[in-house]
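Here is how the chains run, residue by residue.
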Amino acid sequence: MDVSSRPAGDRRWLAYLLIGLAFVGIYFLIPTDDGGRIARFVVYCLITSSAAVAALYGVRRNRPRPLRPWLLIALGQVVYAVADICFYVAHYVLRDPTYPNVADIFYLGHYPLVVAGLLLLIRMRSPGRDLPGLLDAAVLSVSAGMMSWLYLIGPRARLDSPLLVKAASLAYPMMDLAMLAVAIRLIMGGGRRPMAFTLLSTNLLALFAADSLYVLQQLDGSYTAGNYLDAIWLTSNLALGAAALHPTMRQVGERAERNTDTGPSLARMSVLSAAALLAPVLLLVQTANGDLSGVPVIAVACALLFGLTIARLAGLVSAQRRLAITDVLTGLHTRRFFEAHLPIEIARAKRADGHLAVFIVDVDHFKSINDRYGHPAGDHVLVEIANRLGACARAGDVVARYGGEEFALLFPDASPTELPGIAERLRHCVASSPITVSADTWIAVTVSVGTACYPLHGEQPSELVAVADRALYAAKSQGRDRIVVGRAPESPAGQVADHAAMVDYLRQVADEVDGKLAGQEHSRAISRWAREVAEAMKLGAETAHQAGLGGRLHDIGKIVVPPEVLTKPGRLDEQEWALMRQHPDHGYRLAAMVPDFEAIAEIIRQHHERFDGSGYPLGLAGTDIRIEARIIAVCDAWAAMRSDRPYQRALSERQALHELREGSGGQFDPDVVAAFLKLQRRGAVGTLRPIRPAAEESQDRSYRT
C-alpha cells in the first residue's frame, strides 16, 4: 500500500510516542531500591526494544525506496537495544561493574550502522554536491568538534587509566562526534522536512546531548545510574520509533529540488555566526582560567572556520552571479545575458570570417493556456519548452528566455543555408508531442520561429534581432506554427518605400490605441508638444524631429495589452500592472522592425523611465535617459492629466501644473519641465483636440532617421 494513498489520519506514530512517554514516567516512579531495580531494568529495556521493533515495522509498512538507509538505521536501533539489555543484565542481575564489557561492544557497534544509513539518506536527498549545505554543516561540525575535544575527548585522554578503558572512553565521544557531523549535514542540507524528518533529527540530537552529558558527569564523578539522562536517552529512542512509523517516512529520502543558493536564512545565519564566534570566545575563557592546553586546538579551529567562511562567501558571490544571468523558472540564460553575449559572438564570427544565427521563438496562443489551465500549468509548459529547446541546441549554443513566452537562441557557425533546417528542428522539437501537465492533462503546444544570420542580415546586434523579430511577426501573421527566415537588405529605393509604409502602419497603431483610451487626441498632441519643447531647448532639428516622431509612436506597445486591462476603470492589480509595464518593450520591438529605426525604438522604450531612476523598464536615471524620452515623459503626463481616461477624470489646468512642478527633479527632468511650462504660459501647448481620422500633417508623414 502506497503511503500517499493512506489516510492523513494515520496516528499510530503518535499513539506509540504518547504510550512510550507514559512508560518513561512510570520508569521514574519505580523506586530505586533493590526491589525496584529489576522493574526499572525491565521497563527501560522494554522502551528501547520497542523503538527497535517500531523501526523495523515502520520500514516494512512504509516501504521507503530505496530501503537500505532506513533498514541500516533500524538495525542500529536493534543493536542499541541489545546493548541496553546487556548493560542492565550485567549491572542489575550479575552485579558486574566491569568497564568495558560486552554491552560497550554493542553500544559502539550501533554507531557505524546509523552513520551509514544517514550518509545514504544525505546522498538521496542532495542533488549534485550541495556545496552550501556541506560548508554550513562543516562550520557547525568544526565548532562541535572543538568543544568535544576541549571538554570531553582531551580530558579523557589525559586520565591515568588502563589502555582498554581509555580506548573505550575515547571511542564514545569520537563516535558521537562522527554521528553528530553526519546528522548536521543531513539537517543543514536541502529537501523536504516532513514530521518524520523532525522526529529523526530529534533522535540524533538528543542522543548526542545525552552521551555528552554522560561523559561530563563521568569526568566529574557526578553520574549516577537512573538520573535525568535516562529520560533523554529513552525519549531519543521513542523519537526514532515514531519517525519510522510516521506516514511521511518515505518523503525523508526524496530528492531535493536544485535551487540557486541565494544565501542563508536569518535563522541559519544566526546559528552559523554563533558557531564561528565560539572559538574566540572559548579562547578568552581558557586564557582567563589560565588553562592554555587547548589553545592549539582552538587555533586550528579558528583557521578552519575562517577558511570555511571565506569559501561560503565565495559560493554566495558565485551564486549571485549565476542568478543574475539565469532565469529562475526555466534555468536558461536571461535576456540580459543574451544581449550581452550577442556582440561577443558577432565579434568572434567577424574575426573568423564565419557566421552567426539568431533565432527568436514565441509560444503560440500562450495566454489561452494560462487562461484555461492556470498559471502553474503555464509555467510547467514554459519549463518543458525550455528543456526541449535546450535538447536541440549544441554545446556552445546560447539558449535564453527572451521574454514572458519568448526564447532566443544563438547558433555560432550556422550559415544562411542552414537557417531553415535549424529553425524547423526547433519548431518540431516543441510541437512533436504534447506536454504532460498532470496525469490526465496533455497540452498540444506549437511555436513560431523567426531567424536571421550574420553577416547576411546585418552586422550589428540590433540589426540581427530586428530582422529575426520581423521574421517572427511574419510567422505569426501567416498563421503561427511555422518558421520564417529574415529577408536580406533590399536596394535603397525599395527600402525607403518599404520604410515609409511601415511607419504609416505604426501611426495607425498609435491612433488605434488612442481611440481605445480617450475621445481626445493623445499621441498627435504629444508629437507636436515634444517637437516644440525640443526646439525651445535649442536641441537641434534632428533631435526635435526624433522627439516628435517618438512622441507620435510612444504608446504603440499598448496594442498588445489586453483591452480589459488597457481600459479597466478601476485600479490595476499586480498582474495587470505587470502587463501594462511591458508596453514600452513591446513598442520598442514594433518600432525596431523598421530598418535603421533604432534611435526611435530606444526613445519609445525609455519614455516611462524617471529622472530619479524609479521608472521602467530599464531603471535608467538622469542623463542616461535619452533627452527625447525625457521630453516625451513630460508631454505624456500633461496629456494624460488633461484628458478623461477610463480610470480617472481629467485634472484642471491648475491641478496639472501643480503635479508637474511636484514631479520636477523626481519623475521629470527639471529642465524639460521648465521649458514645457514656458510654452504652456505662452499658450503654445493648447488643448487636446477630438480624435479625427484625418490625414497626417505633412511634417509628421516625413521619414528621417
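Residues numbered from 1 in each chain as written. Predicted model: local features only at pLDDT ≥ 70, side-chain atom pairs only at ≥ 80, totals over all residues. Heavy atoms only, no water.

> Account for the packing of helix H13 (residues 375-392) against helix H14 (residues 419-431), naming residues and giving values.
Any two packed helices are characterised by the angle at which their axes cross and by the distance between the axes. The contact between H13 and H14 brings their axes to 9 Å, and the two run at 140°. Here H14 runs oblique to H13, going by the angle between their axes. Judged by the twist between their axes, the crossing of H13 over H14 is right-handed. For the pair H13 and H14, contact is made by Ile-385, Arg-388, Leu-389 and Cys-392 and by Arg-425, Leu-426, Cys-429 and Val-430, respectively. When grouped by side-chain class, the residues that make up the contact of H13 with H14 number 6 nonpolar, no polar and 2 charged. (Axes fitted to C-alpha atoms, helices over the stretch in contact; angles between N-to-C directions. Helix = DSSP H or I, 4+ residues; strand = E, 2+ residues; numbered from the N terminus. Parallel < 35°, antiparallel > 145°, perpendicular 65-115°, else oblique. Left-handed = near helix turned anticlockwise from the far one by under 90°. Contact = heavy atoms within 4.5 Å. Nonpolar A, V, L, I, M, F, W, Y, C, P; charged D, E, K, R; others polar.)

> Break down the environment of Leu-660 for me, citing the residues and quoting the values.
Its location among the elements puts Leu-660 in helix H24 (residues 653-663). Accessibility expressed as a relative area gives 0% for Leu-660, which makes it buried. In the structure, Leu-660 is positioned 472 residues away from Met-188 in sequence and 54 Å away in space, judged by C-alpha atoms. Apart from residues lying up to four places away in sequence, Leu-660 is in contact with Val-634, Trp-638, Met-641, Phe-668, Val-673, Phe-676 and Leu-677. (Buried < 20%, exposed > 50% of the residue type's maximum accessible area, 1.4 Å probe, protein only.)

> Give a description of the packing of aromatic side chains that names residues and reports values.
Throughout the structure, instances matching the rule amount to 12 aromatic pairs. Where Phe-359 meets Phe-411, the ring centres are 5.3 Å apart and the plane angle is 70°; that geometry is what we call edge-to-face. Pair noted here: Phe-359 is in strand E1 (residues 356-363) and Phe-411 is in strand E3 (residues 406-412), with a separation of 52 residues, a long-range link. Relative accessible area serves as the criterion here: at 0%, Phe-411 is assigned to the buried category. (Phe/Tyr/Trp six-rings, centres within 6.5 Å; stacked < 30°, edge-to-face > 60°.)

> An account of the pairing of strand E2 (residues 398-401) is needed here, citing residue identities and associated values.
Here E2 shows a buried face lined by Val-398 and Ala-400 and a second buried face lined by Val-399 and Arg-401. Pairing analysis gives 4 bridges linking E2 to E3, with the strands arranged antiparallel. Residue pairing in the sheet places Val-399 in a bridge with Leu-409 of E3. Remark: 4 residues form the turn of the hairpin made by E2 and E3, two consecutive strands paired antiparallel. (Pairing = 2+ DSSP bridges.)

> Run through the pairing of E1, naming residues and quoting values.
With 8 of 8 residues buried, E1 lies mostly within the body of the structure. Burial of E1 is two-sided: the residues Leu-356, Val-358, Ile-360 and Asp-362 facing one way and the residues Ala-357, Phe-359, Val-361 and Val-363 facing the other way are all buried. Bridge count between E1 and E3: 7 bridges; the pairing is antiparallel. What sits directly across from Phe-359, in E3, is Leu-409. The sheet contact formed by E1 and strand E6 (residues 447-454) spans 8 bridges and is antiparallel. Within E6, the position partnered with Asp-362 by the bridge is Ser-448.

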